[in-house]
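# Secondary and tertiary structure notes
Listed below are the residues making up each chain.
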2 protein chains.
Amino acid sequence: MLRSWRGLFSNRATGPRQPKGLDLGRPSRRGLLMARLQDAAEGEHFVEAAFHIIMKEAVRRGTDVNEKVCQWVAPEELESLLELELPDTGESEVRLLQHCRQVIRYSVNTAHPRFFNQLFAGLDYHALVGRFITETLNTSQYTYEISPVFVLMEDVVLKKLRELIGWMTGDGIFCPGGSMSNMFAINLARHRLYPHVKQRGLWVVPRLVIFTSEEGHYSLTKGAAFLGLGTDNVWTVKTDGRFVPVDVSDTETNRHTGLPLMVSATAGTTILGAFDPLAEIADVCQQHGVWLHVDAAWGGGALLSKRHRHLLAGIERADSVTWNPHKMLMAGLQCSAFLLKDQTDLLGSAHAAGARYLFQTDRCYQPRYDTGDRSVQCGRRVDCLKLWLMWKAIGTRGLRDRVNRAFACTRYLVTEMHKRDGFRLLMEPQFVNVCFWYIPPCLRGGEETPDFWQQLGRVAPLVKQRMVVKGSMMVGYQPHGKHVNFFRQILISPQVTREDLDFFLDEIERLGSDFQPM
Amino acid sequence: MLRSWRGLFSNRATGPRQPKGLDLGRPSRRGLLMARLQDAAEGEHFVEAAFHIIMKEAVRRGTDVNEKVCQWVAPEELESLLELELPDTGESEVRLLQHCRQVIRYSVNTAHPRFFNQLFAGLDYHALVGRFITETLNTSQYTYEISPVFVLMEDVVLKKLRELIGWMTGDGIFCPGGSMSNMFAINLARHRLYPHVKQRGLWVVPRLVIFTSEEGHYSLTKGAAFLGLGTDNVWTVKTDGRFVPVDVSDTETNRHTGLPLMVSATAGTTILGAFDPLAEIADVCQQHGVWLHVDAAWGGGALLSKRHRHLLAGIERADSVTWNPHKMLMAGLQCSAFLLKDQTDLLGSAHAAGARYLFQTDRCYQPRYDTGDRSVQCGRRVDCLKLWLMWKAIGTRGLRDRVNRAFACTRYLVTEMHKRDGFRLLMEPQFVNVCFWYIPPCLRGGEETPDFWQQLGRVAPLVKQRMVVKGSMMVGYQPHGKHVNFFRQILISPQVTREDLDFFLDEIERLGSDFQPM
């Protein structure tokens, strides 16, 4: 095979190979270069006009409890409403501003107080300004040369997050999302164990296995596939009925053999908001010298709360942590910190390629300020400013108050659910995920047969569809393990009040009480 | 080893294991939930005030040719200037706005007409508005449910990019940067060849080899490491003196054996702006059934120009293409399209994990509108709106004019360089990268000994340092292969005029003419 590849680029005689230099055309065209191609005044006018629309339609209306959370339109219809086709010739400012209004109008208001659908919600005004500045400055977080402020700022922000974990030293980097942060953890664990994999590939080492609970996030599986380890080599550990990891001796893991690479414990699972017992897992990892990663993408926010940070007790013993401040801390998508206890520049040794065009060593400052080569990305967005500015604005205390309030909302909702017929919790929440079934009147009081559960599984999709069409609120649902479809209510926005929570319960009843079995 | 892992999570008696439910504290606290925690009026006021600062300081001053490109401050000094520490208690609006001003003041103005330092530059006002709207709507591009507009819009934008490649059908997705797009290409090539690697890992297949030229981007190497293939298995093909790939029979690749996985050809190399002969490479790939990826992250913009798109002739024969509209098209960081000829949902089969909490199949629309599982990310930023709105505003023709103008600027600069002593091109540009040495008077006219080159290699860092301290402009430099440090001037911003280019040449002379050999 190799021989045939030798000639890969060798047929020099046949093709138009020689770079001919540029073909500019008539010299008279150069007169065009006398003036700028863009009209700045026109451009600024557009930005100002659009800003007013953004403030009115997206910020004010988007957070107004009297407005709809979403304006449901089916895909086929929306496609024709939006006039998405890209034209040959530019459109007028009036038309463009109309497009802006349409985009906002038909988008979901994730900042609405009754948006409970994802692990992000709400609007932090200061973080939003951080995002606007980031977008305007439009730079890449790889060298001090073109990102002086943000190189220093990223360092300070990551240090602060590490301190909340309990690390006075360490390392870290922002990644494009928690899945990527988790993949960084896999790669660093692999690099620490077998540094020559970077150069020679996985063929030179034994099969490597990642452990996580069956409640762990699916990005571990995606990461195992992407990084060449294979999804079979993610061993999922069963959990007990309350979704705390338990003994694995009777599980399918017996089928496998392989060398333990890392344990990814979860602090705040995606669906149930459950926390693995980190201290105990840390004991086992320590005993076996296995990398402990904690996926606290969701639960990391609890570290801000003195009352609730016990949920993550032991996290300081991890080797690495994923924490997404775009979730509970409301920094805005995306803001995912990958944090490391390591002080040996493992990020650099695992990821660096040493491209000299970007990372020169003869600059007028120390090369350590050029942090970009420690990522697998080249250009990398600035994700620190939004979090930094928000933190400056409300301080650690303000963040703590928000976290505590989210827990308080959760407790209020759960208490109210207990008072009403028809709401059944899947489990008592540990965190701010409230997982529950709404049991409509016609299904109450009888025996809970397989048919009962089958009918119950139809309730959430029906209620969800009605609420989306009505636009009154948004909450997610899913089946999970042996459980039929149930709602997962997420409470994080500081804009949520008791009234919103009462409305939520009333609205579920309004939308679901007439449910009839098939 | 397995046995000891069996008990991984089994010491149930010892730990504080049972989730206890939430500890809210005194019921009286619930009164706190009556009102919102955030003051919307205060927040909106801050956004308005900050917006005016952004417009004045970042947009107007940032693009004003009479202002500095950058305000150089050494890292240690900048650290103390910025007051980066994150406080316990929030700060006043006045202070926060001052922080915003400082962040802008000490950041590099990448939109300045004399910023020539990276493969991005300039400011498109419409794209900026697209980014502001994106940040305000703050959603994730994974389901139609919470991203209806952007699911449809991404599809339209990717289709348009594919059409410019010459594909009437196909697939694609936006990735967080060109490096990630290139990694997607590696993974899809691997998945097509050996789909069971996803499940079982690389151990079950022979060693796989990626081919690219020595001018290819370093993300191929990073990707090979990250995806478990190993950097040794990236075979770099040597190029000729003009940096067009040539015969590889005498190269180090002879040392290797392995199964060809893909060829990554480059359309617009990072440093030199060179184009691989795509049609010829496509012939070889076709003959051997090997995946052809074209990394057009940088050069893709030339597809807009009828005059210059011949540089990418043959790209339509690729299996996949990386194209970053945040570079030449000025959409704003980040906007990287990974484009595919495939119509078999290879993205889905290679990446999907089928998480049911996110991707339900009993929704009131077809599951194909939930596109998120086709990425390795979970939450994914909206990257289409900025490009879409810019395209609506100036049309395909406006984009084409910009691209043609960038070529015209390049030709003008090169012509002017030929007229002056002291500027020597590394090669005639094929694209908008102008790579050159500035030879100061004291080094001119003599024999070009090794010492001459060594001295010349000191010129660019000195000139660069002086220009950065002065803040007059920014241009990158690097050594490359056998060549000592040379400048790489990148011309893309439509705000660049002849005057800026004349200034550029004059300024290089001003800053470098007094150079003295050591």
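Residues numbered from 1 in each chain as written. Chains lettered and ligands numbered in written order. Predicted model: local features only at pLDDT ≥ 70, side-chain atom pairs only at ≥ 80, totals over all residues. Heavy atoms only, no water.

## Points about the overall build of chain A
A tally of regular secondary structure across chain A gives 15 helices and 12 strands. Principal axes of the C-alpha set define a box for chain A whose edges measure 85 × 65 × 50 Å. Looking at chain A as a whole, 68% of its 518 residues are labelled buried. Partitioning the intrachain contacts of chain A with sequence separation of at least 6 by distance along the chain shows that 71% fall at a separation of at least 24. On chain A, roughly 17200 Å² of surface is accessible, and the fraction owed to carbon and sulfur atoms is 49%. Within chain A, the 56 negative side-chain charges are centred at a point lying 5 Å from the centre of the 61 positive side-chain charges. (Helix = DSSP H or I, 4+ residues; strand = E, 2+ residues; numbered from the N terminus. Buried < 20%, exposed > 50% of the residue type's maximum accessible area, 1.4 Å probe, protein only. Contact = heavy atoms within 4.5 Å. Areas by Shrake-Rupley, 256 points an atom, 1.4 Å probe, with all protein chains shown as cover. Lys, Arg positive; Asp, Glu negative; His and termini not counted. Charge placed at Lys NZ, Arg CZ, Asp CG, Glu CD.)

## Structural notes on the sheet that holds strand β9 (residues 423–425) of chain A
Residues and elements named next belong to chain A. Read across the open sheet, the five strands follow the order β1-β11-β12-β10-β9; overall the sheet is mixed. Of all the strands in the sheet, the pair left with one neighbour each is β1 (115–116) and β9. Examined bridge by bridge, strand β10 (residues 433–438) and strand β12 (residues 483–490) share four bridges and lie antiparallel to one another. Counterpart to C435 in the pairing with β12 is R488. Contacts from helix α14 (residues 459–470) reach β10, β11 (474–480) and β12 within the one sheet, and its direction differs from that of β11 by about 160 degrees. Those strands touched by helix α15 (residues 498–512) are β1, β9, β10, β11 and β12, and its axis lies near 25 degrees from that of β10. (Pairing = 2+ DSSP bridges. Axes fitted to C-alpha atoms, helices over the stretch in contact; angles between N-to-C directions.)

## Observations regarding the relation of the copies chain A and chain B
Expressed as a screw transformation, the operator carrying chain A onto chain B has a rotation angle of 180 degrees and an axial translation of 0.0 Å, and the superposed copies differ by an RMSD of 0.0 Å. Both copies are brought into coincidence by an operation consistent with a two-fold rotation axis. Scanning chain A for the C-alpha nearest the rotation axis identifies L227(A), at a separation of 2.0 Å. (Least-squares fit on C-alpha atoms with pLDDT ≥ 70 in both.)

## Observations concerning the interface of chain A and chain B
With 229 residues of chain A at the interface, the matching set in chain B holds 228 residues. Taken together, the two surfaces of chain A and chain B that pack against each other cover about 20900 Å², and 64% of this comes from carbon and sulfur. In this structure, the connection of chain A to chain B is made through 14 salt bridges. E135(B) is the partner of R131(A) in a salt bridge, and the nearest nitrogen-oxygen pair spans 3.1 Å. Scanning the region where chain A abuts chain B turns up 88 residue pairs in polar contact (both at pLDDT 80 or more). It is helix α12 (residues 384–419) of chain A that contributes the most residues to the side of chain A that touches chain B, 20 residues altogether. The class makeup of the residues in the side of chain A that touches chain B is 118 nonpolar, 62 polar and 49 charged. (Buried area = accessible area lost by both parts, 1.4 Å probe. Salt bridge = Lys/Arg side-chain N within 4 Å of Asp/Glu carboxyl O. Polar contact = N/O pair within 3.5 Å; in protein donor to acceptor, adjacent residues only side chain to side chain. Nonpolar A, V, L, I, M, F, W, Y, C, P; charged D, E, K, R; others polar.)

## A look at the side chain of R190(A)
Inspection of the secondary structure assignment puts R190(A) in helix α7 (residues 178–193). Here R190(A) occupies a buried position and makes no salt bridge, while the nearest side chain of opposite charge, D232(B), is found at 14 Å. Among the polar contacts listed, one links the side chain of R190(A) to the side chain of N187(A), at a separation of 3.0 Å. Within the local environment of R190(A), its side chain forms a polar contact with the backbone oxygen of A225(B), the two atoms lying 3.2 Å apart.

## Re the packing of helix α2 (residues 40–60) of chain A against helix α5 (residues 125–137) of chain B
Between two packed helices, what matters for the description is the angle formed by their axes and the separation of those axes. Between α2(A) and α5(B), whose axes approach to 9 Å, the crossing angle comes to 15 degrees. Judged on the interaxial angle alone, α5(B) and α2(A) are roughly parallel. Considering only the axes of α2(A) and α5(B), their crossing is right-handed. The segment α2(A) lies against α5(B), with A40(A), G43(A), E44(A), F46(A), V47(A), A50(A), I54(A), A58(A) and V59(A) engaging Y125(B), H126(B), V129(B), F132(B), I133(B), T136(B) and L137(B). Among the residues forming the contact of α2(A) with α5(B), the class breakdown is 12 nonpolar, three polar and one charged. (Parallel < 35°, antiparallel > 145°, perpendicular 65-115°, else oblique. Left-handed = near helix turned anticlockwise from the far one by under 90°.)

## Here's the deal with the domain arrangement of chain A
All names here are of chain A. Annotation of chain A at the domain level lists domain 1 (140–381) and domain 2 (395–513). Counting residues at the interface gives 25 residues for domain 1 and 24 residues for domain 2. Linking domain 1 with domain 2 are seven residue pairs in polar contact (both at pLDDT 80 or more), by the criterion used here. Its residues assigned to classes, the side of domain 1 that touches domain 2 comprises 12 nonpolar, seven polar and six charged. (Domains from an automatic or database assignment.)

## Side note on helix α9 (residues 219–226) of chain A
The α-helix winds at 3.6 residues per turn, so residues separated by three or four positions along the chain end up facing the same way. In terms of residue burial, α9(A) counts as a mostly covered element, since seven of its eight residues are buried. Downstream of α9(A) by one or two residues, G228(A) has phi in the positive range, about 85 degrees.

## Thoughts on the UniProt feature "modified residue: N6-(pyridoxal phosphate)lysine" (unreviewed entry) in chain A
Residues and elements named next belong to chain A. The UniProt record marks K327 with the feature "modified residue: N6-(pyridoxal phosphate)lysine" (unreviewed entry), using the residue numbering of this structure. By the element assignment, K327 lies in the loop between β7 (320–323) and β8 (336–340). Filtering out sequence-adjacent residues up to four positions away, K327 remains in contact with L119, F120, A297, W298 and I492. (UniProt positions renumbered as here; feature names shortened; annotations may be inferred.)

## Quick look at a negative patch on the surface
Residues E76(A), E79(A), E85(A) and D155(B) make up a contiguous surface patch of negative charge. Relative to the assigned elements, E79(A) resides in helix α3 (residues 75–82). Overall, the relative accessible area of 34% leaves E79(A) in the partly exposed class. (Patch = residues over 30% accessible without salt bridge, like charges linked within 9 Å, V, L, I, M, F, W, Y side chains within 5 Å.)

## Re the environment of A352(A)
Positionally, A352(A) belongs in the loop between α11 (346–351) and α12. When its relative accessible area of 28% is taken as the criterion, A352(A) is described as partly exposed. Linking A352(A) and R374(A), residues 22 residues apart in sequence, is a C-alpha distance of 5.5 Å. Contact partners of A352(A), with chain neighbours within four places excluded, come to K198(A), L347(A), D373(A) and K222(B).

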